[in-house]
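# Overview (structure and organization)
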Amino acid sequence: MSYLVLARKYRPQNFEEVVRQEHITRALANALTSDRLAHAILLAGPRGTGKTTIARILAKCVNCETGPTATPCNTCRSCREITGGHAADVFEIDGASNNRVENIRELRENANYMPAHSRFKIYIIDEVHMLSDSAFNALLKILEEPPAHVKFFFATTDPNKIPITILSRCQRHDCRRVDLTAIVQHLARLCENETVEITEDALTLIGREADGSIRDALSLLDLIITGATGKITAELVLDVLGGLDRQSLFDISQAVFDRDAGKIIDIIARLYDRGQNMIKLFAEVLTHFRNLLVVKMGGTSQALSDVSEYELNAIKAQVSDISQVYLHQILDVLFKEEIVIRQSSSPRLALEMAFVRIIQIRPALPIDTLIEKIDILQKNLAKNLPLAPPPAATQEAIKSPAPAPPAPAGPESRPAPAPKQPAPKQLTPKQLKPEQLKPAPEVPECPNQAPDPAAGPAPPPPRPENNAKKTEPLETSWKNIICRIAEENPALAACFSTSKMVKTGDGHVEIRFATNKFNVTYANRDGHQALIQKTCSLYFSDDIQVSLAGTAAASRNGLANKQKSKQLEAEALNHPLVADAMRIFNGKIVDIKILQEA
Ligand SMILES: [Zn+2]
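Treat the numbers as computed from the prediction; the structure is a model and nothing was measured.

## As for the overall build of the chain
The secondary structure content of the chain amounts to 27 helices and eight strands. Residues counted as buried form 44% of the 598 residues belonging to the chain. In the chain, 73% of the contacts between residues at least 6 apart in sequence involve partners at least 24 apart. Counting every atom, the chain has about 31700 Å² of accessible surface; 52% of that belongs to carbon and sulfur.

## Some remarks on the coordination of the zinc ion
Every protein donor of the zinc ion is listed here as Cys64 (SG), Cys73 (SG), Cys76 (SG) and Cys79 (SG), and their distances to the metal cover 2.1 to 2.3 Å. Of note is the zinc ion, whose four donor atoms meet at the metal with angles of 100 to 121 degrees in an arrangement that counts as tetrahedral. Sequence spacing of the donor residues for the zinc ion, all on one chain, is C-x8-C-x2-C-x2-C. Here Cys76 and Cys79 have matching classes, each one buried.

## Structural notes on the sheet that holds strand β3 (residues 121–126)
Spatial ordering of the open sheet is given by β2-β3-β4-β1-β5, a layout of five strands whose pairing is parallel. In the strand order of this sheet, the two ends are held by β2 (90–94) and β5 (171–174), each with one partner. The sheet shows a mean angle of 15 degrees between the axes of neighbouring strands, direction not considered. Taken together, the five bridges between β3 and strand β4 (residues 150–156) define a ladder with parallel strand orientation. Bridged to Ile122 within β4 is Lys151. Strand contacts of helix α2 (residues 22–33): β1 (40–44) and β5, with the helix running at about 150 degrees to β5, the strand carrying the most contacts. Packed on one face of the sheet, helix α6 (residues 133–144) meets β1, β3 and β4 and runs near 135 degrees to β4.

## Remarks on the confidence of the model for the chain
Residues at a pLDDT of 70 or more form 79% of the chain, whose mean pLDDT is 79. Contacts from residues 387–443, a stretch scored under 50 in pLDDT, to residues over four places away or in other chains number 72 contacts. Low pLDDT (under 50) marks residues 551–556, which in the prediction has nine contacts with non-local residues, meaning those over four places away or in another chain.

## Focus on the nonpolar core
Of all hydrophobic cores here, the largest spans 39 residues; its most connected members are Val256, Phe257, Phe289, Ile330, Leu334 and Phe355. Going through the elements one at a time, α12 (246–257), α13 (261–273), α14 (278–296), α15 (309–319), α16 (324–343) and α17 (347–359) are the ones with two or more residues in this core. Tallying contributions element by element places α14 first for this core, with ten residues. With sequence-adjacent residues up to four places away left out, Phe289 is seen in contact with Ser253, Val256, Phe257, Leu327, Ile330, Leu331 and Leu334. Formed by 31 residues, the second largest nonpolar core is a distinct cluster that contains Ile481, Ile485, Phe513 and Leu548.

## Things to note about the pairing of strand β7 (residues 508–513)
When strand β6 (residues 499–505) meets β7, the two strands line up antiparallel, connected through six bridges. Considered in β7, the bridge of Lys500 is made with Arg512. Here β6 hands over to β7 after two residues, with Gly507 in that stretch at a positive phi of 70 degrees. In this structure, β7 lies alongside strand β8 (residues 545–548), joined through four bridges in parallel fashion. Bridge assignment links His508 to a residue of β8, and that residue is Gln545.

## Describing the environment of Ile104
Inspection of the secondary structure puts Ile104 in helix α5 (residues 101–111). When its relative accessible area of 3% is taken as the criterion, Ile104 is described as buried. The spacing of Ile104 and Ala138 is 34 residues in sequence and 6.3 Å in space, taken between C-alpha atoms.

## Here's the deal with the packing of α12 against α14
Interhelical geometry of α12 versus α14 gives an angle of 65 degrees and a closest axis separation of 10 Å. What the angle tells us is that α12 and α14 run roughly perpendicular. Of the two elements, α12 crosses α14, and the hand of that crossing is right-handed. Judged by residue contacts, Arg246, Leu249, Phe250, Ile252, Ser253, Val256 and Phe257 of α12 engage Leu281, Glu284, Val285, His288, Phe289 and Leu292 from α14. The class makeup of the residues in the contact of α12 with α14 is nine nonpolar, two polar and two charged.

## Side note on helix α25 (residues 526–539)
Between its first and last C-alpha atoms α25 spans 20 Å; for 14 residues at 1.5 Å apiece the expected length is 20 Å, and the two agree. For α25, every residue scored as buried is listed here: His528, Leu531, Ile532, Thr535, Cys536, Ser537 and Tyr539.

## What to know about the pattern of salt bridges
Applying the stated criterion to the full structure yields 15 salt bridges. In this structure, Arg342 and Glu338 form a salt bridge, with 3.2 Å as the shortest nitrogen-oxygen distance. Linking Arg342 with Glu338, this pair stays in helix α16, spanning four residues, or about one helical turn. Judged by relative accessible area, Arg342 falls into the partly exposed class, the value being 42%.

## Re the packing of α5 against α6
For any two helices packed against each other, one specifies the inter-axial angle together with the distance between the axes. Packing of α5 against α6 leaves a shortest axis separation of 7 Å and a crossing angle of 15 degrees. In terms of axis orientation, α5 runs roughly parallel to α6. The two elements α5 and α6 cross, and the hand of that crossing is right-handed. Contact residues: α5 offers Val101, Ile104, Arg108 and Ala111, while α6 offers Ser134, Ala135, Ala138, Leu139, Lys141 and Ile142. Looking at the contact of α5 with α6 residue by residue, the classes come out as seven nonpolar, one polar and two charged.

What counts, and at which threshold
- Residues numbered from 1 in each chain as written.
- Predicted model: local features only at pLDDT ≥ 70, side-chain atom pairs only at ≥ 80, totals over all residues.
- Heavy atoms only, no water.
- Helix = DSSP H or I, 4+ residues; strand = E, 2+ residues; numbered from the N terminus.
- Buried < 20%, exposed > 50% of the residue type's maximum accessible area, 1.4 Å probe, protein only.
- Contact = heavy atoms within 4.5 Å.
- Areas by Shrake-Rupley, 256 points an atom, 1.4 Å probe, with all protein chains shown as cover.
- Donors = N, O, S within 2.8 Å, 3.2 Å for Na, K, Ca; no water.
- Tetrahedral: all angles 85-135°; square planar, octahedral: opposite > 155°, others 65-115°.
- Pairing = 2+ DSSP bridges.
- Axes fitted to C-alpha atoms, helices over the stretch in contact; angles between N-to-C directions.
- pLDDT = per-residue confidence, 0-100.
- Core = buried A, V, L, I, M, F, W, Y, C linked by side-chain atoms within 4.5 Å.
- Parallel < 35°, antiparallel > 145°, perpendicular 65-115°, else oblique.
- Left-handed = near helix turned anticlockwise from the far one by under 90°.
- Nonpolar A, V, L, I, M, F, W, Y, C, P; charged D, E, K, R; others polar.
- Expected span 1.5 Å × (residues − 1).
- Salt bridge = Lys/Arg side-chain N within 4 Å of Asp/Glu carboxyl O.

Written out as structure tokens, the structure is:
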């Protein structure tokens with residue numbers, strides 16, 4: 001007795017047995033029972049998802065002696081002939097090899113004759129998109145006015161290649177990719193019928209390899225059963241597939257996070273020796289990092305259809321202390337390298353180099369950390385280093401033969417010692433600071449400090465006497481306080497450019513912001529709150545209570561929230577410090593992270 005491959009042995013013989021295409025089988029069954037089946041039906045979808053199978057079942061449905069019915073009997077002559085593939089009135093045509101106009105002309109002539117003994121003459125054209133233009137034109141003729149005894153069932157993996165004139169005359173049904181769980185369940189049932197012992201891991205590996213195609217899954221299972229003695233395990237499947245186990249992917253991502261290039265190259269070498277296709281490995285790595293990002297963004301297992309619960313937990317553990325921005329950066333490089341790897345004559349080498357590049361990525365800092373760093377930088381520059389002249393002056397200096405002070409450069413040259421030639425007398429650091437580091441200074445001018453860049457070093461703002469404080473308007477006090485804050489933290493002071501201080505009770509003042517949420521959030525950070533409180537206490541008295549308004553008013557509805565986030569992002573982008581950061585580090589904005597408000 002000849003061996004019948006699983007895919008043929010277990011080919012569905014009625015709509016119920018079709019895996020995961022209920023949306024199509026239900027619609028077709030309804031059309032059959034209400035006698036509204038179209039004369040041309042197009043089944044589109046990935047390979048191995050059941051298009052031809054559905055077409056054959058449909059042929060049985062319309063030609064069954066008990067029909068037309070949604071549940072063919074599978075015992076009558078017509079049903080048996082269709083199952084056996086030798087029905088006189090059902091023509092299965094491969095569009096790829098019969099794609100010429102002559103083939104379709106022949107079909108048209110043949111279609112004019114009445115069926116031999118069935119209700120309908122049925123033409124099942126597989127891969128119909130392969131027909132030539134003239135063949136499509138010939139087909140169009142008969143689709144426009146089909147004889148009443150003819151039905152066309154088309155199957156295609158690429159419906160976009162079918163002319164619109166043909167598409168518009170067909171009723172189109174799209175087959176879904178079969179998900180991993182459905183494939184695994186289907187395989188498990190088959191193995192039980194065949195009394196094949198197989199582990200769940202092995203089934204999952206086969207299912208994943210099949211990539212949504214039931215037929216591929218069955219062919220693989222066939223291959224593995226043939227080569228196996230005893231229980232089928234994941235190791236055995238890997239041996240047959242020559243493939244990639246999921247653990248290797250996790251090892252690769254971990255090595256990326258650990259910046260261990262040697263380990264990655266070892267893993268690639270091991271997989272290469274096992275016969276793993278490097279382009280396929282790249283695709284798997286890309287999907288794996290995509291999954292890591294999706295989980296990091298809070299995605300559920302629904303967004304990761306091919307990931308088991310166990311793997312989901314492993315992913316969660318792996319990304320717990322990896323930033324989303326860093327994952328974005330990795331994926332960016334992977335996408336950029338994709339074309340190189342695909343087109344390379346040595347994909348293994350290209351893949352290794354891609355990982356070397358990924359390992360060289362420096363994880364981007366969140367913008368708040370960056371701002372903090374710039375704060376420190378600004379302070380240090382202001383305190384210790386005579387500053388280089390502003391860019392315009394630098395250019396002039398470069399043109400002139402006179403020795404020029406060093407131009408502002410990248411972060412590497414920042415800690416360089418002060419230039420040897422003395423800085424121009426009148427340009428002291430403190431006065432240069434506003435023009436140099438803040439193209440658009442936001443710190444309000446201190447009322448007690450006449451801004452005169454040509455004068456000598458500015459005297460520290462005079463501290464008002466206590467009785468003066470009692471009489472001066474709160475507005476003036478607030479300006480003075482901002483000036484003092486600016487001495488310690490210029491960026492924080494910049495946040496108060498649109499704020500005002502309001503007395504809200506005995507010994508209690510509140511700082512209110514106009515609109516800028518970014519500023520509110522920034523001022524609310526722990527260290528900053530403490531500095532504000534400390535400066536106010538020094539200015540007024542120790543028992544003054546300072547609060548920041550507008551912070552607890554977190555928006556309550558989702559839409560408003562979104563708009564605010566957008567506004568916040570725009571404000572962050574336009575913040576002078578961000579501009580400074582981009583200029584100083586010659587950087588670009590990769591991501592904007594909105595911090596949870598306190
Ligand atoms: Zn029948």
